[in-house]
Amino acid sequence: MSLLLGTYEIDITPELPIPLAGFAHREGNALEVHSPLFLKAYYFEKENHAFLLMVGDVIWWDDRFVQKWRKRLADEYSLRPQAICFHATHNHSGPQTSDAFTSLLGEAEPSFLDSLEAKIVKSVEYAIANKEQVTIARRQTTSEIGVYRRLKHENKILMRPNPSVPINKEVTIITFKNEKKETNAMLIHFSCHPTSTDANVVSAEYTGVCCSLLKKTYPHAVIGFLQGCCGDVRPALIKEDEFYRGSLHDMETIGNQLAMDILSGGDEETIVCHQLQSKSIKLPLYFQENYIENEDIDPEVLEIWKKHSRKSETLLEIQYFKISPELHFIFFNGEMVQGYGEYIKSLNPRVLALGYSNGMIGYIPTQIQLMEGGYEAEEFIYYFGLPAPFHIKTEKEIQNAIENILEGEWKMTVKRSGHKDKLAYYVFETRNEMGEYAARDVANQIVKLQQEQEEIRMVFAAAPSQNEFLQHLISDDRIHWNQIIAFHMDEYVGLDKEAPQLFQNFLKERLFHKVPFKEVHLIDSSNENELERYSKLLEEQPIDIVCLGIGENGHIAFNDPPVADFHDQKVIKKVELDAMCRQQQVNDGCFASLEEVPSHAWTLTIPTLLSGKSMYCIVPGSTKRQAIYQTLNGPISTECPASILRTHEHAYLYVDQDSFGDE
């Protein structure tokens with residue numbers, strides 16, 4: 001059976017006068033209409049699967065209305081709610097569609113919102129009635145209309161043109177033809193803010209101008225604009241190295257240029273639809289704790305922000321729609337910056353990433369942008385009414401969720417996730433899920449580093465808690481082990497070289513002899529000069545990745561509470577093991593009795609471990625429950641050495657339900 005597609009477009013231009021959304025400085029009501037606003041419906045069906053895509057010339061959709069409309073459409077047309085997508089072109093010259101934000105972004109007009117539901121239902125009814133067999137083609141071209149809009153000036157990130165940062169200039173054109181060989185639908189995917197003019201006039205912005213011009217060439221087509229991850233990209237309207245607010249003429253010029261780019265380039269590739277697939281997940285995103293308001297913000301803006309109700313977390317919806325192996329879509333209910341689109345493209349260039357879908361939670365910056373600050377990273381919260389910028393680990397969590405979706409796995413395997421200070425943590429039902437998830441995260445980081453540097457320096461822990469993690473790590477065939485230089489973080493003193501309890505023998509059996517490392521450096525506990533020798537090896541270059549566990553007494557490596565020193569001047573040192581640490585070795589089944597456990601060991605110091613650029617901590621088992629609780633909830637103190645992980649910029653903790661408990 002062929003793919004069926006039904007389309008319909010309906011005029012949703014509001015009655016005048018009406019206030020417009022998107023620019024805090026724009027005052028008064030719009031009294032004119034430059035061009036109509038449209039709602040465009042695309043109903044896809046193949047065998048027993050269907051997907052409904054609604055594209056509106058609005059700034060975004062309100063989360064609550066999306067939920068309401070999805071339910072009604074699902075009930076009336078036997079659709080799955082997660083197979084319904086409301087996408088917005090992010091038009092800044094239309095009315096506000098949500099009252100979830102501060103009044104600075106424009107106030108919603110109830111009569112306009114009330115008029116939308118009937119038009120939505122009508123467009124879906126007609127789209128389903130109009131469905132017909134189609135073929136699909138995809139082509140690509142480029143357009144130069146955009147520019148990166150974050151520039152560092154006097155230690156601040158300002159909204160200014162920054163051509164030195166490359167942007168995604170690709171335009172993807174997807175065409176659908178019926179049995180008469182007529183183009184009856186077209187989707188244009190591009191990433192650039194529709195902010196070419198701040199004129200107080202209703203229009204569909206440059207995106208609407210573009211679609212209107214294309215309509216002259218494809219008169220039978222319903223042409224929709226799909227807005228990509230454009231949170232930090234805007235039209236290149238520049239004078240003397242500054243942006244200027246364009247006129248309606250500028251808007252028309254930019255829309256015309258994009259249309260000409262689309263008409264002039266790209267070879268068509270036929271897309272074959274085998275089966276439609278769609279899924280949706282909601283990922284909790286957390287805000288930074290103890291945030292102090294920005295004193296540089298306008299006092300009037302601050303006052304409005306303080307009066308706005310705020311929440312402690314928000315949900316990022318990630319919706320996935322697959323037409324064929326050559327054509328997938330990922331939709332987000334946020335203003336995604338271009339880094340997320342590029343990340344998805346690096347995983348699979350056949351996937352198109354879209355923001356402004358199924359609601360709006362605000363700008364979603366990258367980790368680097370969160371550290372830099374600026375409009376998309378920090379200042380936007382005062383307009384969207386959020387309590388603080390997003391947590392520094394937000395990008396990593398979103399990347400994990402994206403990978404899960406594209407791999408056919410689901411974030412739902414994570415029972416719980418969160419942050420404590422800078423430490424991100426993930427809770428899993430089983431040890432195996434925990435180990436597999438941690439291994440994938442580590443492997444992803446290795447793969448990233450493989451492309452950036454010739455050598456990767458890693459430190460490994462040796463303990464039964466690492467078994468599942470190591471097993472999954474060595475099975476990842478993306479890893480180039482011959483680029484990795486390996487160390488381990490501790491070793492007993494006084495055991496025979498063949499003793500299975502020696503950590504180097506543990507790691508040889510499970511890791512070092514399993515895959516072809518470039519180099520493996522073992523701690524020789526019998527060497528009187530080991531401190532100097534191993535310190536020199538470790539200090540040759542920075543450590544990239546540290547894979548560790550946490551002991552029952554909260555130790556990391558063999559830095560037990562009595563000997564732990566957050567400011568240790570040594571790289572490696574010999575220590576006496578405390579009683580709880582030694583008993584753990586019996587509990588783990590490594591020794592038959594406490595008397596057999598060595599009293600001393602070599603250990604990398606805490607500053608050495610923390611010098612690793614990324615830290616991945618894997619801790620299963622009910623015997624670790626108290627240590628995990630103190631790590632996350634106790635004071636940062638050598639009483640629980642692992643608590644220091646909460647200060648590291650790139651630390652991740654993976655636990656199972658047994659070690660996390662029922663908190």
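Here goes a summary of the coordinates provided. (Residues numbered from 1 in each chain as written. Predicted model: local features only at pLDDT ≥ 70, side-chain atom pairs only at ≥ 80, totals over all residues. Heavy atoms only, no water.)

The next point concerns the sheet that holds strand E21 (residues 351-354). One key point about sheets: their strands pair by backbone hydrogen bonds, in either a parallel or an antiparallel sense. The four strands are arranged E17-E18-E19-E21 in an open sheet whose pairing can be described as mixed. Bordering the open sheet on either side are strand E17 (277-286) and E21, each of which pairs with just one other strand. Across the sheet, the mean angle separating the axes of adjacent strands is 20 degrees when strand polarity is ignored. (Pairing = 2+ DSSP bridges. Helix = DSSP H or I, 4+ residues; strand = E, 2+ residues; numbered from the N terminus. Axes fitted to C-alpha atoms, helices over the stretch in contact; angles between N-to-C directions.)

With their axes 7 Å apart at the nearest point, helix H11 (residues 431-450) and helix H12 (residues 467-474) run at an angle of 45 degrees to one another. Considering the angle they form, H11 stands oblique to H12. Of the two possible hands of crossing, H11 and H12 adopt the one that is right-handed. Of H12, the residues touching H11 (which contributes Arg431, Asn432, Gly435, Glu436, Ala438, Ala439, Val442 and Ala443) are Glu468, Phe469, His472 and Leu473. Broken down by class, the residue content of the contact of H11 with H12 amounts to six nonpolar, three polar and three charged. (Parallel < 35°, antiparallel > 145°, perpendicular 65-115°, else oblique. Left-handed = near helix turned anticlockwise from the far one by under 90°. Contact = heavy atoms within 4.5 Å. Nonpolar A, V, L, I, M, F, W, Y, C, P; charged D, E, K, R; others polar.)

We now examine the environment of Lys573. Relative to the helices and strands, Lys573 resides in strand E30 (residues 572-576). Overall, the relative accessible area of 10% leaves Lys573 in the buried class. Here the alpha-carbon distance between Lys573 and Ala601, two residues 28 residues apart in the chain, equals 8.4 Å. Non-local contacts of Lys573, meaning those with residues more than four positions away in its chain, are made with Asn559, Val563, Asp565, Asp568, Ala601, Trp602, Thr603 and Thr605. There is a polar contact of 2.8 Å between the side chain of Lys573 and the backbone oxygen of Val563. One polar contact links Lys573 to Asp568, side chain to side chain, over a distance of 2.6 Å. (Buried < 20%, exposed > 50% of the residue type's maximum accessible area, 1.4 Å probe, protein only. Polar contact = N/O pair within 3.5 Å; in protein donor to acceptor, adjacent residues only side chain to side chain.)

A word on the sheet that holds E30. An order of E27-E31-E30 is seen for the three strands of this open sheet, with the pairing classed as antiparallel. In the strand order of this sheet, the two ends are held by strand E27 (490-492) and E30, each with one partner. The average angle at which neighbouring strand axes cross in this sheet is 20 degrees, direction not considered. Of the pairings in the sheet, the one linking E30 to strand E31 (residues 600-604) comprises five bridges and is antiparallel in character. Note on E31: the bridge partner recorded for Lys573 is Thr603.

Across all of its chains, the model carries 38 aromatic pairs by this definition. Ring geometry for Tyr425 and Phe660: centres 5.8 Å apart, planes at 25 degrees, overall stacked. Taken together, the residues span a long stretch of sequence, with Tyr425 in strand E24 (residues 423-428) and Phe660 in helix H18 (residues 657-660) at a distance of 235 residues. Just as Tyr425 is buried, Phe660 falls in that class too. Judged by centre distance (5.5 Å) and plane angle (20 degrees), the rings of Tyr426 and Tyr654 are stacked. With Tyr426 in strand E24 and Tyr654 in strand E33 (residues 651-656), this residue pair connects regions lying 228 residues apart in the sequence. Just as Tyr426 is buried, Tyr654 falls in that class too. Geometry around Tyr126 places Lys122 over its ring, the cationic atom sitting 5.7 Å from the centre. Lying over the aromatic face of Phe506, Arg510 brings its terminal NZ or CZ to 3.8 Å of the ring centre. (Phe/Tyr/Trp six-rings, centres within 6.5 Å; stacked < 30°, edge-to-face > 60°. Lys NZ or Arg CZ within 6 Å of the ring centre and 35° of its normal.)

Looking now at unusual backbone geometry. Cis geometry marks the peptide bond from Leu16 to Pro17; its omega dihedral reads -5 degrees. Along the chain, Pro17 falls in the loop between strand E1 (4-11) and strand E2 (38-46). Even without being a glycine, Ser78 presents a positive backbone phi close to 55 degrees. When its relative accessible area of 70% is taken as the criterion, Ser78 is described as exposed. Although it is not a glycine, Asp421 adopts a positive phi angle of roughly 55 degrees. Considering the arrangement of structural elements, one finds Asp421 in the loop between strand E23 (414-420) and E24.

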